[in-house]
Amino acid sequence: MEKELLYPVMNQYRFDQKLDGLWDFQFDEAAQGDAQGWPENGLSAAIQMPVPASFNDFFTDKASREYTGDFWYAKRVFVLSTLKGRTIALRFGAATHRAVVYVNGQEIRRHEGGFLPFTADITAEVKFDQENLVVVKLNNELHRDALPAGDTTVLKNGKKMAKPFFDFYNYSGLNRSVHLLALPQDRVTDYTVTTSLVGQTAHVAYRVTTSQATAQVTVTLQDVDGTVVATGHGRQGDLVVDQPHLWNVRAAYLYTLHIQLTTADQVVDEYHDQIGLRTVKIEGHQILVNGKPVYLKGFGRHEDSIYAGRAFDLNVEKRDFELMKWMGANSFRTSHYPYDEEVYRFADREGFLIIDEVPAVGFKMAAASFLGGLDQSFFDGDWTTALYQKHLDQITDMIHRDKNHPSVLAWSLLNEPDTSSKSAVPYFEKLFHDTKDLDPDQRPRTFTLNEDDTFETSYCKQFPDFYLLNRYPGWYHKWGYEISDGEAGLRAELDQWQASDIDKPVVFSEFGADTEPGLHKLPSVMWSEEYQIELLQMFDRVFDSYDFIRGEQPWNLADFQTVEGNMRVNGNKKGLFTRDRQPKAAAFYLRQRWHQIHNDFKN
Ligand code: CKX
């Protein structure tokens, strides 16, 4: 059960109840909750906390907002006896960063990784027709051997403080929905589909895994009118669709896949999901979807909004998709962690391409140094062996969770790691080797190269299937009136890529300027709305000069919260939109450009 990550559905065989709402909540600075019997008796002095939400921004005192350490949630959950005989489970969409789950005083499971779901089988502990005490202990400390990477220090007053090596606030809590599930004992535990196209025919290779070996498996594919277009029998097979409606970029078409399990002619389980028929491939310096070249226009993003922090909020998500469509975008990167599953479902429906990123961020001591830490090569550290296993586990779970989404174009295995020291190479060799066969669809794998990791300095250029470049001339160096030198430097690097024998696409996955909305200045100064436009115009001139540049994703869709510091005025302001999702002037500029650039730009 622990490895079952299927998105919950409700039907006559499967029960799904969201446990969102107010939960009991309590900090545990002295880590005494276990000793004081909180798993058995509930929290001793609880306050109420919304779920899903990050706890931080609800508080009005700084010690609570910045709280780092153990903290607890509890809820009494009534379970009806009509669910008896099934596997009863809790499913947590995201618990940041590590969790211990208890039911009626018994520890059920532990999980590390704050941006991916996990299930806890509570069948043995659950009491029917009664309230059950669900208690979760969370911990939000940052460590070098954990993802995302950072340190936790202790201040002289005894308070712990998170020191991220990354540039987003360490929002913590039950950030995504919690589900109570009741599933048949004999059930579908996972499925995989991969599409290949032969002429006018799509072949959908499917594979279904089940909890028990005996049940018969039937798979059907229905079009949007509910007509069955293909049927398969057995745990694996091929669904053949003639004249298929392909899933295309910004022109999505979704079929419904139905999986049915029967034993002795009795249906015992059904699962359904929407899938898209499409292929993705990198060929030379082109990104191909269904064999046709695509130019990526879109954003690096964050799950970040006022009040609820990093919590998934359907309203914010809806607005973000409307903004991206208004801009003429066709893609985004889930910087710097896998997002809520609803995001991928939106993208599947709207025809957006996703570069799906694991929270391997902060793997660079210079980034830590920029944020107040040390300066040494990250991969020289003695923490990398422990870190590696967690990193691989989270890539495995991300691919396991997201592998069937037509929107997922590629996997980003790290953001801005330190690749300009040789000690990175063995880590990368192993990582790219161990992740090679995780995705049945064999999507391209990549990672973002930071400013310091250039054509000349990076030792890891051989690994990605295509390149993601994060570049900040005009902002972090050669800024203001020197921006023309920034442009010259950027062109000089790109000339080196062009002159090399590397024949892979390059996508600019970050570039931008912090911009204070409402600050106007003629001529421009840094932080003004005018300067943000000038910087984007500079990059656009460069993008249009090199054929191998196959995408532009400015940083960021919207302003977002970071640690406080002398580099940030209440967060990172590189958004094209404000944190409350209103456009800065640059959004109008870029919108005009993107509406003139078609998905097949440069072909
Ligand atoms: N890239 C020099 C990673 C993002 C940051 C972005 C920024 C950096 C730039 C690295 O998470 O927010 O500083 O704006």
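You'll find the structure just up there.
Everything quoted here is computed from the prediction, not taken from an experiment. (Residues numbered from 1 in each chain as written. Predicted model: local features only at pLDDT ≥ 70, side-chain atom pairs only at ≥ 80, totals over all residues. Heavy atoms only, no water.)

## Topic: the site of the ligand
Residues in contact with the ligand amount to 13 residues; listed here are only the nearest, Asp167, His336, Tyr476, Glu510 and Lys574. At 2.4 Å from an oxygen atom of the ligand is found a side-chain nitrogen or oxygen belonging to Tyr476. For the ligand, whose free accessible area comes to 360 Å², the fraction covered by protein is 89%. (Near = heavy atom within 4 Å. Polar contact = N/O pair within 3.5 Å; in protein donor to acceptor, adjacent residues only side chain to side chain. Areas by Shrake-Rupley, 256 points an atom, 1.4 Å probe, with all protein chains shown as cover.)

## Structural notes on the pattern of salt bridges
Counted according to the given criterion, the structure contains 51 salt bridges. Among the ionic pairs, Lys325 bridges to Glu350, the shortest N-O distance being 3.0 Å. Taken together, the positions of Lys325 in helix α3 (residues 314-327) and Glu350 in helix α4 (residues 341-350) put the pair 25 residues apart, joining distant regions of the chain. Measuring nitrogen to oxygen at the nearest pair gives 3.1 Å for the salt bridge that ties Arg550 to Asp547. In this structure Arg550 comes out as buried when scored by relative accessible area, which is 1%. Look at Asp547 and you get partly exposed, because its relative accessible area is 36%. Because the salt bridges share partners, they merge into one network encompassing Arg250, Lys318, Glu322, Lys325 and Glu350. (Salt bridge = Lys/Arg side-chain N within 4 Å of Asp/Glu carboxyl O. Helix = DSSP H or I, 4+ residues; strand = E, 2+ residues; numbered from the N terminus. Buried < 20%, exposed > 50% of the residue type's maximum accessible area, 1.4 Å probe, protein only.)

## Side note on the packing of aromatic side chains
By the definition in use, this model includes 57 aromatic pairs. With a centroid separation of 6.3 Å and 65 degrees between ring planes, the pair formed by Phe508 and Phe539 is classed as edge-to-face. Note that Phe508 is positioned in strand β31 (residues 506-510) and Phe539 in helix α9 (residues 529-543), a separation of 31 residues in sequence. As far as burial versus exposure is concerned, Phe508 and Phe539 are alike and both buried. Here the aromatic residues Phe363, Phe378, Phe379, Trp383, Tyr388, Tyr427, Phe428, Phe432, Phe447 and Phe463 are joined through ring pairs into a cluster of three or more. Seen from the ring of Phe332, Arg301 lies directly overhead, with NZ or CZ sitting 4.7 Å from the centre. The ring of Phe346 carries the charged tip of Arg349 above its face, separated from the ring centre by 5.3 Å. (Phe/Tyr/Trp six-rings, centres within 6.5 Å; stacked < 30°, edge-to-face > 60°. Lys NZ or Arg CZ within 6 Å of the ring centre and 35° of its normal.)

## Re the sheet that holds strand β29 (residues 445-449)
On the basis of which strands lie adjacent, the closed barrel formed by 8 strands has the order β25-β26-β27-β28-β29-β30-β31-β32 and parallel pairing. Averaged over all neighbouring strand pairs, the angle between strand axes comes to 30 degrees, with direction disregarded. In this sheet, β31 lies alongside strand β30 (residues 467-470) in parallel orientation, the contact comprising 4 bridges. The residue bridging Tyr467 from the neighbouring strand is Val506, located in β31. Across the face of the sheet, α4 comes into contact with β26 (331-333), β27 (353-357) and β28 (408-415) while running at roughly 155 degrees to β27. (Pairing = 2+ DSSP bridges. Axes fitted to C-alpha atoms, helices over the stretch in contact; angles between N-to-C directions. Contact = heavy atoms within 4.5 Å.)

## Notes on the side chain of Ser64
Assignment of secondary structure puts Ser64 in helix α2 (residues 62-65). If we skip the residues at most four places from it in the chain, Ser64 touches Phe27, Phe55 and Phe59.

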